[in-house]
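# Structure assessment
Chain residues, written in single-letter form:
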Amino acid sequence: MSKNDNYDDIIDIERPWPRDILRKHPKMSPRDRAKIFAPFAALRGHSDRLGEEDVKLIRCKRTELSEDEAAVLSDKLLQVRKGMTVTLTYFQPETEDGEIGFNITAAGTVTGIDVIYRTLKINTGRTNEKSFIDDVIKFDDLLDISGSEIIDIDKYLGIDDCEFLE
């Protein structure tokens, strides 16, 4: 005897409805009933964030940058100024320990850099009812920065290509 055999005799029987209830509330088709629950979203704003063209969410473990990668990122971060349009890739932790989360790629305008708290504010164009929303990204969570104004660090510092005498 399988689990479902217990209900074989009643599974296809329709639920009894008193006539006075059916007059006030006619039965809905399954299609109309499904429409009631369609707008439900457990995570407010999550589908909007996923639907944005300039934001990609990929669930993964935290990636630690090598010393060389961190140096290149630091050189790029040195060039970032308020008002620049940049594309960032950063890690947004999902768990409390910060090891599992999302690698997010977002494009927007830099609205602020705080070197004391080591954060970067970027406006990706998302808004709430009253104003634009700035995303605050910690320097430690940054994985990559790119933009048309970010150039090779030697050109930025004005160092010519020359051989140094030993």
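Just above sits the structure.
Residues numbered from 1 in each chain as written. Predicted model: local features only at pLDDT ≥ 70, side-chain atom pairs only at ≥ 80, totals over all residues. Heavy atoms only, no water.

## Examining the overall build of the protein chain
Secondary structure summary: the protein chain contains five helices and six strands in total. Ordered by position in the sequence, the α and β elements of the protein chain form the string α-α-α-β-α-β-β-β-β-β-α. Within the protein chain, buried positions represent 21% of all 166 residues. A sequence separation of at least 24 residues applies to 56% of the contacts in the protein chain between residues at least 6 apart. As displayed, the protein chain offers around 13,700 Å² of accessible surface, 52% of which is attributable to carbon and sulfur atoms. (Helix = DSSP H or I, 4+ residues; strand = E, 2+ residues; numbered from the N terminus. Buried < 20%, exposed > 50% of the residue type's maximum accessible area, 1.4 Å probe, protein only. Contact = heavy atoms within 4.5 Å. Areas by Shrake-Rupley, 256 points an atom, 1.4 Å probe, with all protein chains shown as cover.)

## Describing the side chain of Q79
You can see Q79 is positioned in helix 4 (residues 67-79). Residue classification places Q79 among the buried residues on the basis of a relative accessible area of 4%. Other than its neighbours up to four places away in sequence, Q79 contacts M84, E149, I150, I151, D152, I153 and Y156.

## Quick notes on the environment of E64
Along the polypeptide, E64 turns up in the loop between strand 1 (56-61) and helix 4. Residue class for E64 comes out exposed when judged on its relative accessible area of 64%. For the pair E64 and L143, spaced 79 residues apart in sequence, the C-alpha to C-alpha distance is 8.6 Å.

## Some thoughts on the pattern of salt bridges
Two side chains with opposite charge may pair up if their charged atoms get near one another. Within this structure, the stated rule accounts for three salt bridges. Taking the shortest distance from any N to any O, the salt bridge between R62 and D141 comes out at 3.1 Å. Of this pair, R62 sits in the loop between strand 1 and helix 4 while D141 sits in the loop between strand 5 (132-138) and strand 6 (142-146); the two residues are 79 residues apart in sequence, bridging distant segments of the chain. According to the relative accessible area criterion, R62 is partly exposed, its value standing at 23%. For R118, the salt bridge is made with D140, and the minimal N-O distance between the two is 3.0 Å. A residue pair is termed long-range when its members are at least 10 positions apart, and R118 in the loop between strand 3 (100-114) and strand 4 (119-127) and D140 in the loop between strand 5 and strand 6 qualify at 22 residues. (Salt bridge = Lys/Arg side-chain N within 4 Å of Asp/Glu carboxyl O.)

## A word on a negative patch on the surface
A contiguous patch of negative charge, built from D5, D8, D9 and D12, is present on the exposed surface. Residue position: D12 is located in the segment before helix 1 (19-24). The exposed category is assigned to D12, whose relative accessible area is 73%. (Patch = residues over 30% accessible without salt bridge, like charges linked within 9 Å, V, L, I, M, F, W, Y side chains within 5 Å. Lys, Arg positive; Asp, Glu negative; His and termini not counted. Charge placed at Lys NZ, Arg CZ, Asp CG, Glu CD.)

## Focus on the nonpolar core
In this structure, V80, V86, L88, Y90, L142 and I145 are the most contacted members of the largest nonpolar core, which totals 18 residues. Every element with two or more residues in this core is listed here: helix 4, strand 2 (85-93), strand 3, strand 4 and strand 6. (Core = buried A, V, L, I, M, F, W, Y, C linked by side-chain atoms within 4.5 Å.)

## Focus: helix 4
Compared with the 18 Å implied by 1.5 Å per residue over 13 residues, the 19 Å span of helix 4 between its first and last C-alpha is a close match. Considered for burial, the residues of helix 4 that qualify are L73, L77 and Q79. Down the axis of helix 4, the buried set is contained in an arc of 155°. They therefore lie on one face. Facing away from the buried side of helix 4, by more than 90 degrees, are the exposed residues E67 and D68. Looking at the packing, one finds that the buried side of helix 4 touches strand 6 and helix 5 (153-157). (Expected span 1.5 Å × (residues − 1). Arc of directions from axis to C-beta.)

Worth remembering: the numbers are spatial, not functional.
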